[in-house]
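The residues making up each chain are set out below.
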Amino acid sequence: MILQYGQEGFKEEWLELIKNDPVHPNISINKRVSGDRTIFVYLHEGVPQFMVCVRIGNRLPRNMMEVLNDDGYKSKFDITYAIFYSIFRLPEATLKGAGTKAIKDLIEHCRALGIKNFFTLSPIPSMREHIKRRPSESAVRKYLESWEGAVAKFHLSNGAKIHSINFDADYSEQRLNESWGIMVNYDYNTK
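Residues numbered from 1 in each chain as written. Predicted model: local features only at pLDDT ≥ 70, side-chain atom pairs only at ≥ 80, totals over all residues. Heavy atoms only, no water.

Draft legend 1. How the structure looks around the pattern of salt bridges. Within the structure shown, the criterion is met by eight salt bridges. Residue D70 pairs with R37 through a salt bridge whose shortest N-O separation is 2.8 Å. Linking D70 in the loop between α2 (64-68) and β4 (81-89) with R37 in strand β2 (residues 37-44), this pair joins segments that are 33 residues apart in sequence. D70 sits in the partly exposed class, given a relative accessible area of 40%. D168 is paired through a salt bridge with R134; the nearest N and O atoms lie 3.5 Å apart. (Salt bridge = Lys/Arg side-chain N within 4 Å of Asp/Glu carboxyl O. Helix = DSSP H or I, 4+ residues; strand = E, 2+ residues; numbered from the N terminus. Buried < 20%, exposed > 50% of the residue type's maximum accessible area, 1.4 Å probe, protein only.)

Structural data, given as structure tokens:
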């Protein structure tokens, strides 16, 4: 079962689970639930398993600045993109395969809201361990297509495709140290 922040049944104390986010630990709770952003929690037997931070809007963000800024859409007909920018397992998680179930349930939930396009903006956390100099786009793609790293493996094994490689996508110290600030849009629009 997937619940969205503000939806009946979503417990306010679940917002504290954001402190477990290894992807973007420095984004405040307020920023994650304001403007075009929201949070979903995937539950199994009432226990939070996975948290997904999502930006909903009318375009595909290719960097974190665009994720953290709003589109300013005017109606529900402008809401055409769901961007999963942080997906992480929670400490009390017990269900094997909960991440896969969370993504599938979230896409179905968003489809019911009229959203048609599903992408991530994902880090490449271990790339600098394998590639020693700032790579070309083709080298990044080759690295990802080899299913190196937990993030690429997670998305590709869940049916996503590499949509775009985005240079200078995140200037945070964490991202610069991991991947020269390079991030990936994975495409979940396959059915």
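Draft legend 2. Structural detail: the confidence of the model for the chain. Taken residue by residue, the chain gives an average pLDDT of 92. The fraction at 70 or more is 96%. The secondary structure element of the chain with the lowest average pLDDT is helix α3 (residues 98-112), at 92, and the one with the highest is strand β7 (residues 183-187), at 98. (pLDDT = per-residue confidence, 0-100.)

Draft legend 3. Inspection of the environment of Q49 at higher detail. As for its position among the elements, Q49 is in strand β3 (residues 47-57). A C-alpha to C-alpha distance of 9.5 Å links Q49 and K96, two positions 47 residues apart in sequence. In this view, Q49 contacts Y42, L43, H44, F88, R89, L90, E92, A93, T94, L95 and A98; residues no more than four positions away in its chain are not counted. Polar contacts involving the side chain of Q49 include one to the main-chain amide nitrogen of T94, which spans 2.8 Å. (Contact = heavy atoms within 4.5 Å. Polar contact = N/O pair within 3.5 Å; in protein donor to acceptor, adjacent residues only side chain to side chain.)

Draft legend 4. Representation of the environment of R133 within the structure. Looking at where R133 falls in the secondary structure, it is placed in the loop between α4 (127-130) and α5 (137-145). Taking the C-alpha atoms as reference points, R133 and V54, separated by 79 residues in sequence, lie 31 Å from one another.

Draft legend 5. Structural view of the nonpolar core. Core analysis: the biggest nonpolar cluster contains 36 residues, and F84 and L144 have the highest contact counts within it. Of all the secondary-structure elements, those providing two or more residues to this core are β2, β3, β4, α3, α5, α6 (150-157), β6 (161-166) and β7. Here this core gets six residues from one element, more than from any other, and that element is α3. With near-sequence residues (within four places) excluded, L144 lies in contact with I124, A152, L156, I162, I165, V184 and Y186. Grouped together as the second largest cluster of nonpolar side chains are 23 residues, L3, L15, L90 and L121 included. (Core = buried A, V, L, I, M, F, W, Y, C linked by side-chain atoms within 4.5 Å.)

Draft legend 6. A look at empty space enclosed by the protein. By the definition in use, this model includes one cavity of 30 Å³ or more. Reported here for the largest cavity is a volume of approximately 40 Å³. Every residue along the wall of the largest cavity is listed here: P123, I124, P125, S126, L144, E148, G149, A150, V151, A152 and Y186. Looking at which element gives the most residues to the lining of the largest cavity, the answer is α6, with three residues. The residue inventory of the lining of the largest cavity, partitioned by class, reads eight nonpolar, two polar and one charged. (1 Å grid on protein atoms, 1.4 Å probe; cavity = no way out; pocket = protein on both sides within 12 Å on 5 of 7 lines; lining within 4 Å. Points joined across faces, edges and corners; volume = space filled by probe spheres on them. Nonpolar A, V, L, I, M, F, W, Y, C, P; charged D, E, K, R; others polar.)

Draft legend 7. Representation of the pairing of β4 within the structure. Among the nine residues that make up β4, seven are buried, leaving the element largely enclosed by the rest of the structure. In the sheet, β3 pairs with β4 via eight bridges, with the strands oriented antiparallel. The partner of M51 across the bridge, within β4, is F88. Note that the unit made of β4, α3 and strand β5 (residues 117-120) has a crossover that is right-handed. (Pairing = 2+ DSSP bridges. Right-handed = clockwise from strand over helix to strand, strands pointing away.)

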